[in-house]
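Close look at the chain arrangement
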Amino acid sequence: MLLNENEKSVSSPVALVVQAALFAAERHRDQRRKNVDATPYINHPLALASVLSIEAQIDDPALIAAALLHDTVEDTQTTIDEIEDHFGSKIAGIVAEVTDDKSLEKEERKRKQVETVSKKSTAAKLIKLADKTSNLRDIASSPPADWPLERRQAYFDWAVEVIDGCRGTHPMLEELFDAAFQARPQS
Ligand code: ZN
């Protein structure tokens with residue numbers, strides 16, 4: 001169920017999604033993406049929400065809210081407790097599932113994503129599919145200025161390993177990911 005007793009501040013499914021967008025925009029307000037144009041960070045969670053709701057036509061406000069919030073704990077000072085206070089335990093649980101443990105080294109975190117993704121909830125897998133799809137699209141069309149070809153290719157190859165652990169969850173999202181993978185940078 002969408003609204004549980006923890007979600008007292010949210011009055012409707014639309015309000016929930018708008019509140020999540022506002023919360024994420026506020027928390028990411030000083031961050032930029034790593035591409036040359038330094039796009040505002042919020043465009044990334046919005047891209048996930050767009051992939052899930054518009055492209056894959058998934059009509060689940062709690063999932064869209066979690067997608068909008070998916071990087072707030074990993075990349076800002078936001079805590080899971082805060083997400084729970086504002087959005088309830090269900091959404092906080094999904095965000096926790098897609099948050100890397102930043103106390104680990106980067107390579108270790110990436111390896112852990114590959115190892116753990118198949119055991120995650122359906123909601124977490126849907127967010128991973130949308131996240132990797134939008135990251136591949138960004139790297140193909142507007143990569144970070146300091147990423148040489150090998151690093152861009154390595155990201156694509158790691159992303160497909162993570163997504164292989166999500167297969168069987170949502171055919172249309174998998175197709176969108178596989179289409180994005182077709183743009184793997186070539187020398
Ligand atoms: Zn992300």
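Up top you'll find the structure we're talking about.
The following paragraphs examine the structure supplied in this document. Because the structure is a prediction, the values reported are computed rather than measured.

Below, the discussion takes up the coordination of the zinc ion. Think of it this way: four donors in a tetrahedron around the metal ideally sit 109.5 degrees apart, and six in an octahedron ideally sit 90 or 180 degrees apart. Those donors, H44 (NE2), H70 (NE2), D71 (OD) and D131 (OD), are the protein atoms that reach the zinc ion, and they lie 2.1 to 2.5 Å from it. Considering all four donor atoms around the zinc ion, the spread of angles at the metal, 81 to 173°, places the coordination shape in the irregular class. Between consecutive donors of the zinc ion, the numbers of intervening residues give the motif H-x25-H-D-x59-D. Of this pair, D71 sits in the loop between α3 (61-68) and α4 (72-75) while D131 sits in helix α8 (residues 122-141), and the two are 60 residues apart along the sequence. Each member of the pair, D71 together with D131, is buried.

This part is about the packing of aromatic side chains. Inspection of every chain in the model, using the stated rule, returns five aromatic pairs. Judged by centre distance (5.5 Å) and plane angle (90°), the ring pair of F23 and F87 falls under edge-to-face. With F23 in helix α1 (residues 13-27) and F87 in helix α5 (residues 80-87), the pair connects residues that are 64 residues apart, well separated along the chain. Note on F23: relative accessible area 9%, which makes it buried.

What counts and how
- Along each chain, numbering runs from 1 in the same order as the chain's sequence is written.
- Thresholds applied to this predicted model are a pLDDT of at least 70 for local features of residues and 80 or more for the giving and counting of side-chain atom pairs; totals over whole chains, interfaces and linings are not thresholded and use all residues.
- Note that the side-chain values use all heavy atoms of the structure and ignore hydrogens as well as water.
- Only nitrogen, oxygen and sulfur atoms within 2.8 Å of the metal, or 3.2 Å for Na, K and Ca, are treated as donors, and water is left out, so sites may look incomplete.
- Tetrahedral means four donors with every angle between 85 and 135 degrees, whereas square planar (four donors) and octahedral (six donors) require angles over 155 degrees between opposite donors and between 65 and 115 for all others; sites fitting neither are termed irregular.
- A run of H or I in DSSP becomes a helix once it reaches four residues, and a run of E becomes a strand once it reaches two; helices and strands are each numbered from the N terminus.
- Categorising residues by exposure relies on relative accessible area from a 1.4 Å probe, with only protein chains included: less than 20% of the type maximum marks a residue as buried, more than 50% marks it as exposed, and the intermediate range marks it as partly exposed.
- Note on aromatic pairs: the rings of Phe, Tyr and Trp (six-membered ring only in Trp) are paired at centre separations within 6.5 Å, and the planes decide the class, stacked below 30 degrees, edge-to-face beyond 60, tilted for the rest.

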